[in-house]
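Topology and contacts: notes
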Amino acid sequence: MTTEAATIGLTHGGSEDTGLGHRGPESKSIVVPYGFWLFVLSDMVLFSALFATYAALSNATDGGPTSNQLFDRNLVAIETIALLMSSFVCGLAMITAKRKNMAWTQIWLLVTGLLGAVFLFIELYEFAKMIGEGAPPQRSAFLSAFFTLVGCHGAHVTAGLLWIGTMMAQIWAKGFQEHIMRRLLCLSVFWHALDIIWVAIFTIVYLIGTLP
Amino acid sequence: MTEHDPEQLNVAPGAPHDSMLSETLSYVIGLALALILTGVSFWVASTSSLWGPGVAVGLVVLAIAQMGIHLVFFLHITSGPDNTNNVLALAFGVLIVFLVMIGTIWIMSHMNANMLPGPEMTNLQMQH
């Protein structure tokens, strides 16, 4: 009976049932990134609420500046390319990290962070310019929604930059241990997800907002 | 002892491939497609040769396509059996995102259309 159950995969050979399915729980290298994937998806749900708010308020300018007057497509194009390249280089860092190549992993992570910093710098420049031109968040509902949505994404990028720096230090100090690799995988999922959210932002906020 | 290697039955989102070549190729193809779609988006938004009212819809379609590219080539989400958990979680996330966005836009546009006299009033109502 027991051996029959074991051969068709119903029990562990001789061990007690864990109550977590007949194979027992997955290894940490699967469970941790999967849990992080769930976090990233709920983060996207959070952003969807901010997008919905922005879409509902994008015409509520209260006689103030409109999206057509404020946004500069050239800057947005540079931001988009910087973040896309950053996402790509983050993938290269994952490839070299899997092969335990310290020098190239550090270089690619550094490039990832620098491209992310370029993105963040341009975004902050744009914010400062808008506030200087009399378009701060308190000017109209449209601007409140804009700064909340784009600023929330910028805050995520800032957190990602800190995380990249932390991972560079941890890889340097501890090497490519299993738990370090798990953290690195979570970081890459986070960084790619930020680029996915940016695709929605540059389309909905910047391109559709500046249609003639 | 388990008779299956658990690693074979599920993969983590974004987990690298075993082959360096296929992994690198995946990122390069993803980057190329994403660049093309981004370029087309910016072109569609600035050209005047397309039918105006359709441009916004076209841009949304291009954005969704690019998000798909990112998911497949950067996050390695596939339709394979080892990805079922990742895809189901993603499907639920997408469901909630669409419910929140389409629901809000639908309701708010009807409120603006039916309950307020005009755009000037809308602005007054939505100052903050």
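What counts, and at which threshold
Residues numbered from 1 in each chain as written. Chains lettered and ligands numbered in written order. Predicted model: local features only at pLDDT ≥ 70, side-chain atom pairs only at ≥ 80, totals over all residues. pLDDT = per-residue confidence, 0-100. Contact = placed C-beta atoms within 7 Å. Helix = DSSP H or I, 4+ residues; strand = E, 2+ residues; numbered from the N terminus. Nonpolar A, V, L, I, M, F, W, Y, C, P; charged D, E, K, R; others polar. Expected span 1.5 Å × (residues − 1). Core = buried A, V, L, I, M, F, W, Y, C linked by C-beta atoms within 7 Å. Buried ≥ 20, exposed ≤ 12 C-beta atoms within 10 Å, placed from the backbone. Axes fitted to C-alpha atoms, helices over the stretch in contact; angles between N-to-C directions. Parallel < 35°, antiparallel > 145°, perpendicular 65-115°, else oblique. Left-handed = near helix turned anticlockwise from the far one by under 90°.

1. Here's the deal with the confidence of the model for chain A
Per-residue pLDDT for chain A has a mean of 89; in total, 89% of the residues score no lower than 70. Confidence over residues 1-15 of chain A falls short of pLDDT 50; this stretch has 13 contacts with residues more than four positions distant or in other chains.

2. Comments concerning the interface of chain A and chain B
At the interface, 54 residues of chain A touch 51 residues of chain B. Contributing elements (two or more residues each) for the side of chain A that touches chain B: α2 (28-57), α4 (73-98) and α7 (178-207) of chain A. Looking at which element gives the most residues to the side of chain A that touches chain B, the answer is α2 of chain A, with 16 residues. Residue classes in the side of chain A that touches chain B are distributed as 30 nonpolar, 17 polar and seven charged.

3. Quick notes on helix α6 (residues 141-174) of chain A
Across its 34 residues, α6 of chain A extends 48 Å between first and last C-alpha, which sits within 8% of the 50 Å expected from 1.5 Å per residue. One or two steps after α6 of chain A, the chain reaches Gly-175 of chain A, where phi turns positive at roughly 80°.

4. A look at the nonpolar core
Residue and element names in this part refer to chain A. Formed by 83 residues in total, the largest nonpolar core has its most connected members in Phe-51, Tyr-54, Leu-149, Val-189, Ile-197, Ile-201 and Val-205. With 20 residues, α7 is the single largest residue contributor to this core. In this structure, Tyr-54 is in contact with Ala-145, Phe-146, Leu-149 and Val-205, ignoring residues within four places of it in sequence.

5. Some details on the packing of α2 of chain A against α7 of chain A
All names here are of chain A. Where α2 meets α7, the axes come as close as 10 Å, and the angle between the chain directions of the two elements is 20°. Regarding the angle of α2 to α7, the classification is roughly parallel. Helix-helix and strand crossings are classified by hand; for α2 and α7 the assignment is right-handed. Between α2 and α7, the residues in contact are Lys-28, Ser-29, Val-32, Pro-33, Phe-36, Trp-37, Val-40, Asp-43, Met-44, Phe-47, Phe-51 and Tyr-54 and Glu-178, Arg-182, Leu-185, Cys-186, Val-189, Phe-190, Ala-193, Ile-197, Ala-200, Ile-204 and Val-205, respectively.

6. Considerations on the packing of α4 of chain A against helix α2 (residues 20-46) of chain B
The geometry of α4 of chain A relative to α2 of chain B is characterised by a closest axis approach of 10 Å and an angle of 170° between their N-to-C directions. With respect to α2 of chain B, the axis of α4 of chain A lies roughly antiparallel. Of the residues in α2 of chain B, those in contact with Arg-73, Ala-77, Thr-80, Leu-84, Phe-88, Gly-91, Leu-92 and Ile-95 of chain A of α4 of chain A are Met-20, Glu-23, Thr-24, Tyr-27, Leu-31, Ala-34, Leu-35, Thr-38 and Phe-42 of chain B. In the contact of α4 of chain A with α2 of chain B, the residues fall into 11 nonpolar, four polar and two charged.

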